[in-house]
Structures are given as structure tokens and as C-alpha cells.
Amino acid sequence: MKQLLKTSLILLVLILSTNLFFLQAQNLIVNGSFEDNTGIPDAFGQWWRVNNWDNVNGSMSLDAASPDYLHTAASVAATLPVSNLGTVNPFEGDAIMCVAAWGNDFANYREYLSSTLSEPLAIGNTYLVSFYVTNGTVADYGGVGSNGLQVYFSVGPLSQITTEPINITPHYVHPVFYNTEWQQVTFEFTPTQNVDQITIGNFYSDENTELETFVTVANPYSLYFIDEVSVQLNSFPVSVSNDTSICVGASVDLFAQGSDAYTWVTADEPDIVLSSSGSFTVSPETTTVYNVISNNFTASVTVNVFEAPEAIDLGPDVWLCVDDSITLGNEIAGITNYVWNPFNVGPTFEVGEAGTYWLEVNNVCGSARDTIVINQHELTLNLGPDTALCTVSTYLLDANINLPNATPDIQYEWQDGSSNPTFTATTTGWYWAAVTDTCGYTVRDSVWVSISPSLGLDLGQDAAICAGNTIVLNASIPGINSYVWQDGAIGPAYVIDAPGVYWVQAENNCGATERDTIRISTYNTTFENGLSDIMGICATTESATTILDATSASASEYLWSNGASTASITVQAPGLYWVRMSNVCETKTDTVLVQPYSCEPPQPEACGLVMPTAFSPNADGLNDDFKPKYYCEITNYELLVYDRWGKTVFTSNMVNKSWDGFYKGQKCVMGTYAWYATYQLVEEAETTGEIVISRPQIKKGAVTLLR
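The sections below set out a description of the structure shown in this document. (Residues numbered from 1 in each chain as written. Predicted model: local features only at pLDDT ≥ 70, side-chain atom pairs only at ≥ 80, totals over all residues. Heavy atoms only, no water.)

Structural notes on the overall build of the protein
Tallying secondary structure elements over the protein gives 0 helices and 56 strands in all. Taken across its 707 residues, the protein has 41% of its residues classed as buried. Looking at the protein alone, contacts between residues at least 24 apart form 64% of all its contacts between residues at least 6 apart. Within the structure as shown, the protein displays about 36100 Å² of accessible surface, and the carbon and sulfur contribution to it stands at 48%. (Helix = DSSP H or I, 4+ residues; strand = E, 2+ residues; numbered from the N terminus. Buried < 20%, exposed > 50% of the residue type's maximum accessible area, 1.4 Å probe, protein only. Contact = heavy atoms within 4.5 Å. Areas by Shrake-Rupley, 256 points an atom, 1.4 Å probe, with all protein chains shown as cover.)

A look at the sheet that holds strand β20 (residues 279-282)
The 3 strands lie next to each other as β16-β18-β20, forming an open sheet whose pairing is antiparallel. Each of the sheet's edge strands pairs with one partner strand only, and the pair in question is β16 (239-240) and β20. (Pairing = 2+ DSSP bridges.)

A short note on the packing of aromatic side chains
One pass over the structure, following the stated rule, counts 24 aromatic pairs. Ring geometry for F153 and F189: centres 4.4 Å apart, planes at 15°, overall stacked. Residue F153 is located in strand β10 (residues 150-154), and its partner F189 is located in strand β12 (residues 183-190); the two are separated by 36 residues in the primary sequence. A relative accessible area of 1% places F189 in the buried class. When the ring of W430 is compared with that of W448, the centres are 5.4 Å apart and the planes differ by 70°; the resulting orientation is edge-to-face. Taken as a pair, W430 in strand β33 (residues 429-436) and W448 in strand β34 (residues 442-451) lie far apart in primary sequence, 18 residues in all. Among the aromatic residues, those joined into a ring-pair cluster are F44, Y141, Y221 and W645. (Phe/Tyr/Trp six-rings, centres within 6.5 Å; stacked < 30°, edge-to-face > 60°.)

Here we look at the sheet that holds strand β11 (residues 172-173)
The antiparallel open sheet is built from 4 strands, whose spatial order is β7-β13-β10-β11. Taken across any chain shown, the strands that pair with only one partner, and hence form the sheet edges, are β7 (113-116) and β11. Bridge analysis of β10 against strand β13 (residues 197-201) gives 5 bridges, and the strand direction is antiparallel. From the neighbouring strand, Y152 faces β13, where its bridge partner is T199.

Let's talk about the pairing of strand β42 (residues 546-549)
Residues T546 and L548 of β42 are buried on one face, while the alternating residues I547 and D549, pointing to the opposite face, are not. Across 4 bridges, the pairing between β42 and strand β44 (residues 568-571) is antiparallel. Each bridged residue has a counterpart across the sheet, and for T546 the counterpart in β44 is V571.

Regarding the state of the cysteines
Simply put, the disulfide is a covalent bond whose two ends are the sulfur atoms of two cysteines. According to the stated counting rule, one finds 2 disulfides in the structure shown. Each sulfur in the disulfide pair C247 and C365 lies 2.0 Å from the other. Handedness here is read from the sign of the S-S torsion; for C247 and C365, about -120°, the answer is left-handed. Of this pair, C247 sits in strand β17 (residues 244-247) while C365 sits in the loop between β27 (355-363) and β28 (366-376); the two residues are 118 residues apart in sequence, bridging distant segments of the chain. Between C466 and C585 runs a disulfide, and the two sulfur atoms are separated by 1.7 Å. Given an S-S torsion of about -95°, the disulfide between C466 and C585 has left-handed geometry. Placement of the pair is C466 in strand β35 (residues 463-466) and C585 in the loop between β45 (575-582) and β46 (587-597), with a sequence separation of 119 residues. Classification of C466 by relative accessible area gives buried; the value is 10%. When its relative accessible area of 23% is taken as the criterion, C585 is described as partly exposed. (Disulfide = S-S within 2.5 Å.)

Focus on the environment of L576
Inspection of the secondary structure puts L576 in strand β45. Once the C-alpha coordinates of L576 and Q595 are considered, the two residues, 19 residues apart in sequence, prove to be 8.6 Å apart. When near neighbours in sequence (up to four residues on either side) are disregarded, L576 contacts S561, T591, V592, L593 and K629.

Let's talk about the pairing of strand β43 (residues 557-560)
Of the two faces of β43, the one lined by Y558 and W560 is fully buried and the one lined by E557 and L559 carries no buried residue. Sheet topology note: the β43/β45 ladder contains 4 bridges and is antiparallel. Counterpart to Y558 in the pairing with β45 is M581.

Re the environment of S300
Here S300 lies in strand β22 (residues 297-306). Residues S300 and D243, spaced 57 residues apart in sequence, show a C-alpha to C-alpha distance of 8.4 Å. In this structure the side chain of S300 is engaged in a polar contact, spanning 2.7 Å, whose partner is the side chain of N291. (Polar contact = N/O pair within 3.5 Å; in protein donor to acceptor, adjacent residues only side chain to side chain.)

Structure representation (C-alpha cells):
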């Protein structure tokens, strides 16, 4: 079967480079804008809510390939403009459709969007096919462009079992496409049989699908948002001149071909006939739109009128502050071509660096150029190297800097608040200066000046370390020649991992020496957590309480999950409680599950699992993983966790194994995950005392992953 196929992108071009349009074009796509529906979507995959569209396989299950219906009035995942599939506003109206042409999670995964035409296409006629497409701004899924934007026309609907590609040769294949803005795709199609069904999607296998990653995301997909689908008869007997540009005073010949009657008018004065021939010459003084009317068709030609560019002025040469910028140029009426050096496009150029810049503007009638020089300096300050004085008792520090084009507005500030360009140091210590220029830009520098005999050696106050930890003593002072520690070690730094008395002796360039000593002791801070794993509280008495006591002789601070800071708390309700105990050396966290029980009469403690409803794997020691609490012996245990797509992200047969919020080494996204647990209880029979295993128990629910 031979098909005639022509393609074009972005502009709706009927005969390339003309402005011809027809008056009564009928769209053979029913509900091409997806606005007509049976209800607003409230989840992904609800293609079936859109009238006159289907997904080829007819399945409403997310396990099958189901395009997504998105709407501005939708809730949860299917809402616009922001959804998990991306951020996009409809091209028109309130609704769009989303088709997956490729997915990283599944091999050969394809979604198709299909519609029955309002009438079959006539053999031999040429039809114009058009739709708008974008990839939107990437969210959890997307980021990949492909050549999977394809169209196929068929007699009757196509068939897809679940998610596999439909193995046919498409009538239209767009090259690898990726754009965050709406673009119009158009092509001409001439059928060789009376086709009545259009299908949009990727008919290639993964092997033949070309892919290119534009944005890296956790779930790479090639997703296409589609709006305003149209199939129209394309039969135009008349062609006209292209739009053109002339200079003031020039003329141009306009023509129309393909008919035996023409009426030329201007768009501004449609009642004044300018000519009734196929061609005529015009000399407009300003840009003018000419319309030619033939039979039932109207075409337009725009004649743009330009004057030669006037002289441009970028202004005088300027001096630019560091970290500042200046905008050169401005938009000039009638100018569309701006050439900058260094390279830039557009009528303006934001400049932040020194250099010579010029702008040349031109149109069909001439050109003009202007040049500007941008001067700039970088403010620097250097007070010199750290210095040790041996024979004098004063040292002159100079903060004067040589600024090009400097003014008396330069300001100086020293560590003592003085504002002269120089400062005389008379004692050992650190000295600094700050210099501020006319732009308000400030630079600083500091220097150590050592005046004998004082070196300023100081190891600090006596200190203590935690058992097993170390502390680094740093005796570094600028201008010191040597350091010797109590055990003969040399250098300004010394690592201590045991209690004791330590000293260092330093000598400067002048031969002056000083010694300082420090005593290091050890904290005795080890403590044990004291909470039970499970505690009970009477469930049949409203005023029942229980005391949670975490008292430890080594703890200096307590923080409970309810905000209390005492060693023990009294609770009135069941639940999971935690306490964080800390001292100067360590912090430990313990949890206790307060479980309700019947106290009239006393009953055995219930067996089973308790699953948390949320966890946050951020390594803060609180709810970092997801696992059950259990109160008696468990056997034949299995836990499964699923994401919103139904994919298993965690499984375990060990009751003490927890989920850390990762899947295949990658962080799972925040959200709600379903879980399903099966297990059996190991119990003692009341009559015989034998150990028995209960029938299989099932629990299921949801947990929220927070980050």
C-alpha cells in the first residue's frame, strides 16, 4: 500500500510559504480538543472519560497501556497544570491527553490514543493532519525525547493486547522530539483506501526507537502531551505571492494564480478594490496587508516597508564596578537583525565585564554601527606577610591601594575603628583592615605581628574528652620557627586520645621561646537505655495512665516524643513513644510501644503486628525505617511494599528486617506506599500447653514516606 506523505513542523502551512486559508474547513476528528467528557479524571489512566477516544486495547486497568486524561479541574494526580507526569497548561481549553511512547521501567511499553473519524477519508484526496504536542516541564516521569511520535490511519480500530507495540509501519514518524513548549505538528496524507480510524503512538519496538535524554530524572519516560487534534480536507486551487519586504519608495509585484477571477483589497480598507487582475504593482509607504479574493477562498500577502537604520548611540565609554553590570542598546523600530561583538543576539546586551563592544543593526535598506568601551577594575588589598619583629617595637601597616580613576570616596577601617590609610602596630596580635571603594565594594586583609618577647602561645583552658574520642591541640602562631611537645613530637598540631598533662614549647624567628601546658581528663558518661519494648495501659478505664521511666545516671538531657524534657513521663493513651537521652559525649534513642489491654478481668497480652503509618529515612534516629512491632513469636512472615503503580519496591521474609526507603539503590520518592503482610502466630494451647501455629494472618495498609 503506497501512501503520499509530506511533513511540516510548528507552523500550519498549507502551501509552504503562503498565507492562504479556506473559509469552511471541517475537522473530521470528533472532540479533537478532549473537552467533551463523561466526567473529570481523578487518577491516571482514565482515557475512557473522554468521548470518542479510546486506548486501542479497551482496558481500563493501569496494568494495560492506558493514556492519561488530564484536566484543570481534576484532583490528585490528573490535575493541571502540575502533575507527577510534568507541568503543562493546555494549549486551548481545560483538557489534554498524555501518551507514553517509551518507558524505562518496562520493555516495549507503548500507549496509543485512537479515534474514529466522523467520515471515512476519500481515496485520492489530500488531507491536512494537525495536532499540538509538548513534553512539558519534567516532574517524577519524563525527560526523554524519542522518534515515537507517530500516526497511523486504518480501516477500523487497531488491536493491542496489553502493553506491546503494534507491529505496523506508521504513515507519519516525527524525528526525535523534545520541547517544553507547545509545538504544532502538521503533515499531508493521501489515502489509498477509505480509512476511518486515526491512532497516535509509537509503533516501533525498543530496538528501533531512537532515544535522547534531555533531563535526568528518577523515572525516565518519553511522554507526549497532546491537544487540538485535527484532520481536514486540503484542497486549495489558489496560490499567491510570499510575504516580502521593501524600502521606502520602492515597489513590488504581487500575483495570484490558479483562478480566473481575482479581487485585490487591503486589510485596512476592504471595500476599496485595487485591482481585478492576476498581478499588479504596489508601492506602500508603510507596512500593508493585501488580500486577494477568488471564488470562496481568500489569501493574504504582507508587504513590510522599512527605512534605512538611523545612526545608533550606545552612549559614552563607562567605568563599571566589580560585580555590577550595564545593559547596552535598546529595541529599534523596524529592526529585526542585531549583531553584537562579542557575540550576542537581540536588541539589548547585559555586560558585566571590561572590554570593547559594538552593535551593528541592519535591514533590507542599510546598516548602522556604534562602539563603546567598558572599563573595570578589581579591588585588592594586601597588608603583607605575617611578621615577627626582633629589634624594633613598632610596625607600620599600609592599606593604600592604587585604584584607576580612584576618588577621595575610598574609605578605610582598621580593627580598632580608626579610618586612616596606615596603622602602627605596637603589640603582638592580629591586625586587619577593610577598604571600601566608590562602588561600595569592600575587601579585607589581616596580618599577624609578633613583637618580642611575647609570642602569644596559648593551648587554651584545661579540657575533657569522651572515652574513645580524640582532641587536636593547635598551637599554630604566625612567625614561629619551631614547636616541641612533651614527648618530643614537633609541629604546631598534636592529637590526644588519652587523659594527661600536655605541653608545647615554641620558638620564633628572633629566638624567643614560650611554653604552655594543658590538662586533659576523660568524661565518664556511658549510660544504658531503660525503656521496655512494650508496655500496657488499661483500656477499660478512661483515667488509666502508665509511667514511662528512662532515668539514667549518665543522662543530662531528655527529650520525649511528646516534647517533655523530664526523665519520666505519664501517658494516658496507647501509642508508640520515644525518648532521646543525651550527655556531653553521646545521644541514644529508645522507643516503647504502649499497648492497650483489658484490665477487668486481666487478659493475656494480644499477639500480632503493629505497623507504623509513616517513616522518614533521614538518619536523625527517629522513624528512619519501616518495620513491624510484634508482641509474641511470629513465623512464616512475609512483607511486601508497593508503589502507586503497583510495582514491588520492598519484600522481606524476616520480621526484623526493615525497609530504608530505597529501591535498587535509588531513593524512592515521597508519597504513600501500600503494604501487605502475612504471618502465623506461635501460641501455647490453653488446655494442653502444646505449642501450636495459628492459621495464616493477613494485614494490609498504607505507609507515608517522608524526607
